[in-house]
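Take a look at the letters that make up each chain.
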Amino acid sequence: LDDQFVNPEGDGYLITGVKKLMAQEEIRKIGFRIKRTMRDTFSNSCVIEGQEYLYVIGVPPYGYKTMRVPNCPKHRNTSVVVLDPSASQIVREIFELYTLQCLSPEMIAKVLNKRGVPTMPLARFRGLWSGRTIRKMLRNEKYAGTWILGKYEHKKNRITGKSKRSPAARDRWIVREFEYLRLIPEDLWDRTQRTMDEKSQSFQSSMEKHGIKSPNSLRHKEKRYLFSGLCICARCGGTMFIQPGGR
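Residues numbered from 1 in each chain as written. Predicted model: local features only at pLDDT ≥ 70, side-chain atom pairs only at ≥ 80, totals over all residues. Heavy atoms only, no water.

Asks: It is not clear to me how the packing of helix 4 (residues 105–115) against helix 5 (residues 131–138) should be interpreted in this structure. Could you clarify?
Replies: Angle between the axes and distance between the axes: these two values describe a pair of packed helices. Put simply, helix 4 and helix 5 touch, their axes get as near as 8 Å, and they point 110° apart. The angle between helix 4 and helix 5 falls in the class roughly perpendicular. Contacts from P105, E106, I108, A109 and L112 of helix 4 reach helix 5 at G131, I134 and R135. (Axes fitted to C-alpha atoms, helices over the stretch in contact; angles between N-to-C directions. Helix = DSSP H or I, 4+ residues; strand = E, 2+ residues; numbered from the N terminus. Parallel < 35°, antiparallel > 145°, perpendicular 65-115°, else oblique. Contact = heavy atoms within 4.5 Å.)

Shown next as structure tokens:
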């Protein structure tokens, strides 16, 4: 046995345990301070010549960019979110193609890829547009001028050790409206959301009618398989999952 367990004067094991507890507590405090700073920053605005600008919190979505503001009254040498002229036109075109021309997200992705329209620098699918990306953009309320902080929270799974994102309670959201960041007119935004809701309900009804489980339920169960998260599509880079039905 180790001398620290035999010798009553050995305190190395106890010190190690105390250090681990102190390290965990410090990590918790750092995380709390970071979240508090983000909330304080998001709740305030950089006012320049009567115009409110949103401070940069993370990476802004496609259609926006960051702009350096050296003479902000509250924070010196800070950055704010502004429109990206070229990318914002692509965002408007995506909404018009889906709502006005009735193209599916997959068809829109093919049109953009064929034209060689660049995606975000940090795009997951190797610089290619995908139907999943288009759907997320069509549901992103930021394009309607509504920016929300704290909409999702991450909970750690004690079994797998991985964090999972889930919707947070609405009373914990911080919602701000920035008209200067609106890319999509209100009427087009509302029409797009109605169209997506109708198609989603129709799809769910069709799946239930034929006894097929929805992709959302399959996504929750994919962790049960042996190679879940390990098989990647060579064409789009997406994670492959098993779909019941003999395939």
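Still more ground to cover, so stick around.
Asks: How do you make sense of helix 5 when you look at a structure like this?
Replies: Residue pairs spaced three or four apart in an α-helix point in one direction, given the helix's 3.6 residues per turn. When we look at burial in helix 5, the residues that qualify are G131, I134, M137 and L138. Relative to the axis of helix 5, the buried residues are bounded by an arc of 120° and lie together on one face. The secondary structure elements touched by the buried residues of helix 5 are helix 3 (85–99), helix 4 and helix 6 (186–209). (Buried < 20%, exposed > 50% of the residue type's maximum accessible area, 1.4 Å probe, protein only. Arc of directions from axis to C-beta.)

Asks: Please explain the pairing of strand 5 (residues 146–149) as it appears in this structure.
Replies: Regular strands show a simple pattern: their side chains alternate between the two faces of the sheet. Of the two faces of strand 5, the one lined by T146 and I148 and the one lined by W147 and L149 are each fully buried. Note: strand 5 against strand 8 (residues 174–177), four bridges, orientation antiparallel. Within strand 8, the position partnered with L149 by the bridge is I174. (Pairing = 2+ DSSP bridges.)

Shape descriptors only; they carry no functional weight alone.
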